[in-house]
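Working through the structure, step by step
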Amino acid sequence: GVDKPLINFLGDRFSSSPRGLLELEVECGQIAVNLEKVSLDYMIRQGDVITRTAHFHETPVLDRKLNIIHDGDDLLVVDKPPSWPVHSCGNFRFNSLLYILTKEFGYRDLRPVHRLDRLTSGIIMLAKGKNSAAKYQKMLARCTVQKVYLALVEGKFDRSHLVHSTPLSSHRVTKKVAISTKEKSAITEFKTLEYFPRQNYTLVECRPITGRTHQIRLHLQELGHPIVNDFLYGTGKSSFYESTPEKRESIENIIRAMKAQREADNAAKLHSDNSKVMTASDINEDKTVEQVRTLLEQRFSKHDFCLKCQFPQLLIQSKDPKYICLHSYRYSVGDLQFQSSLPPWIQELK
């Protein structure tokens, strides 16, 4: 992003956000550079720190049962549902695997032994405590690890068995942004399991011999058979902002209205005593019920520059969480072997 206008960088980095909304956030100072308000055409320099102060709604996840595969003294193995992040990140605070295991199952200090992407379902190993995590990570380093994934891919995968070994040097963060890394060898073994002619999908067994980020997804894309629903490397849609022209026009109208509201606001009025936001410290036993209601309304009312607050249909649509048809089916490390149930999307194909 160095030597690139700020608004162009933001448009690439936050490709799912409408450009007009990003412009508004920059103009309001919600997106700042080095904690200072800048113009839309500010040229990014080496060492700049870009911050974004935003109003978030918890991103929904699929309402699926969490199956426990193994519960030992120092290790927990679960079948993670798709769309669930392993730990809190981004818009996810409560809808994460570790939080749910703590809140609903009573586990404490669980530590992932290996990675599993949010959009992917299946086996994940969680160590119980710091010492156990160190133990199993050493085991992963010195023992033979065998992983078997199930993937539903687009088209007819007409090779019964294939070893793909194209080296990888980057992976995508968004449709427009990729992270480059040092090129490393990457080997994946594929085996065709079943073809579904009605949907023109193929169920493929995937065995990653190496462990590069997005390795299976990238190799299947290179072979011309991206994973079903994969919005980074296939044909899946990446954002709930992407829909019909009518809906996009409604969103643009809301953004224009928010810009007009901002231009109409008087800075003196925003900072006057009459517009002071009430806090909990302003309430005591002598305060009325109306004043308490005012406090609650101020804390939980619509945010002026949040599209989901202004356009509730976005919240309704976002209740359809995204996932890809990739499932961690079997996992073995040394003498430890675990297998999950088949993912629901396989049953839906029958």
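Coordinates for the structure precede this section.
Everything in this summary refers to the structure shown in the same document. (Residues numbered from 1 in each chain as written. Predicted model: local features only at pLDDT ≥ 70, side-chain atom pairs only at ≥ 80, totals over all residues. Heavy atoms only, no water.)

Here's the deal with the overall build of the protein
The test is simple: Comment: elements are numbered from the N terminus, with helices defined as DSSP H or I runs of at least four residues and strands as E runs of at least two. We call a residue buried when its accessible area falls under 20% of the maximum for its residue type, exposed when it is over 50%, and partly exposed in between, using a 1.4 Å probe and counting protein chains only. We call two residues in contact when some of their heavy atoms are within 4.5 Å. Every accessible area reported is derived by Shrake-Rupley at a probe size of 1.4 Å, with residue values counting cover from the shown protein chains alone.
On a plain count of helices and strands, the protein comes out with eleven helices and 14 strands. Counting the 350 residues in the protein, one finds 41% classified as buried. Sequence-distant contacts in the protein: of pairs separated by 6 or more residues, those separated by 24 or more amount to 63%. Just so you have it, the protein exposes about 19,800 Å², and 49% of that area is on carbon and sulfur atoms.

Notes on the nonpolar core
Applicable threshold: By convention a nonpolar core is built from buried Ala, Val, Leu, Ile, Met, Phe, Trp, Tyr and Cys residues, the set being connected through side-chain atoms within 4.5 Å.
Of all hydrophobic cores here, the largest spans 49 residues; its most connected members are Leu97, Leu126 and Leu220. Those residues within four positions of Leu126 in sequence are excluded, and the remaining contacts are Asp74, Leu75, Leu76, Val78, Leu97, Leu98, Leu101, Leu110, Arg111, Pro112 and Val113. In terms of nonpolar packing, the next biggest core, distinct from the first, is built from 13 residues, Leu75, Ile123, Met125 and Leu140 among them.

A closer look at the pattern of salt bridges
The criterion, for reference: By definition, a salt bridge exists where a carboxyl oxygen of Asp or Glu is found within 4 Å of a side-chain nitrogen of Lys or Arg.
Tallied over the full model, the rule gives twelve salt bridges. Residues Asp117 and Arg217 are paired through a salt bridge, measuring 3.8 Å at the closest nitrogen-oxygen approach. Of this pair, Asp117 sits in the loop between strand S5 (110-112) and strand S6 (121-128) while Arg217 is found in helix H5 (residues 215-222), placing the two residues 100 residues apart along the sequence. Residue Asp117 shares its accessibility class with Arg217, and that shared class is buried. A salt bridge links Arg217 to Asp230, with the nearest nitrogen and oxygen atoms 2.8 Å apart. Of this pair, Arg217 sits in helix H5 while Asp230 sits in the loop between H5 and helix H6 (245-264), and the two are 13 residues apart along the sequence. Residues Arg217 and Asp230 agree in their burial class; the two are buried. Within this structure, Arg115, Asp117, Arg217 and Asp230 form a network of salt bridges that share partners.

Some points on the environment of Lys135
Mapped onto the elements, Lys135 comes out in helix H4 (residues 130-142). For the pair Lys135 and Val113, spaced 22 residues apart in the sequence, the C-alpha separation amounts to 9.5 Å.

Remarks on H4
The criterion, for reference: Here, expected helix span is obtained from the residue count minus one, scaled by 1.5 Å. The directions considered for the arc are those from the helix axis to the C-beta atoms.
The end-to-end C-alpha distance of H4 is 19 Å, a good match for the 18 Å that 13 residues give at a rise of 1.5 Å each. Of the positions making up H4, those classed as buried are Ser132, Ala133, Tyr136, Met139 and Leu140. Axial view of H4: buried residues confined to an arc of 125°, hence all on one face. For H4, the exposed residues set more than 90 degrees away from the buried face come down to Lys130, Asn131, Lys138, Ala141 and Arg142. Buried positions along H4 lie against strand S4 (75-80), S5, S6, strand S7 (145-154), strand S13 (326-333) and strand S14 (336-339).

Notes on the pairing of strand S12 (residues 201-208)
Put simply, the rule reads: In this analysis, strands are considered paired if DSSP registers two or more bridges between them.
A large share of S12 lies buried, amounting to six of its eight residues. Examined bridge by bridge, S7 and S12 share six bridges and lie antiparallel to one another. Of the residues in S12, the one forming a bridge with Leu150 is Glu205. Judged from the eight bridges that link them, strand S11 (residues 188-196) and S12 form a sheet pairing that is antiparallel. The residue bridging Phe196 from the neighbouring strand is Tyr201, located in S12.

A look at the packing of helix H2 (residues 19-28) against H6
Selection rule: Geometry is summarised by axes, namely lines fitted to C-alpha atoms with helices restricted to the contacting stretch, and by angles between N-to-C directions that run from 0 to 180 degrees. Angle categories: roughly parallel below 35 degrees, roughly antiparallel above 145, roughly perpendicular from 65 to 115, and oblique for all the rest. Definitions for this section: a left-handed crossing has its near helix turned counterclockwise from the far helix by less than a right angle. A right-handed crossing has that turn clockwise. Amino acids are sorted into nonpolar (Ala, Val, Leu, Ile, Met, Phe, Trp, Tyr, Cys and Pro), charged (Asp, Glu, Lys and Arg) and polar (every other residue, Gly among them).
Running from N to C, H2 and H6 cross one another at 15°; their axes reach a closest spacing of 9 Å. By the angle between their directions, the pair H2 and H6 is classed as roughly parallel. Taken as a pair, H2 and H6 cross one another with a handedness that is left-handed. Each of Gly20, Leu21, Glu23, Leu24, Glu27 and Cys28 in H2 lies in contact with H6, whose residues at this interface are Ile255, Met258, Lys259 and Arg262. Among the residues forming the contact of H2 with H6, the class breakdown is five nonpolar, one polar and four charged.

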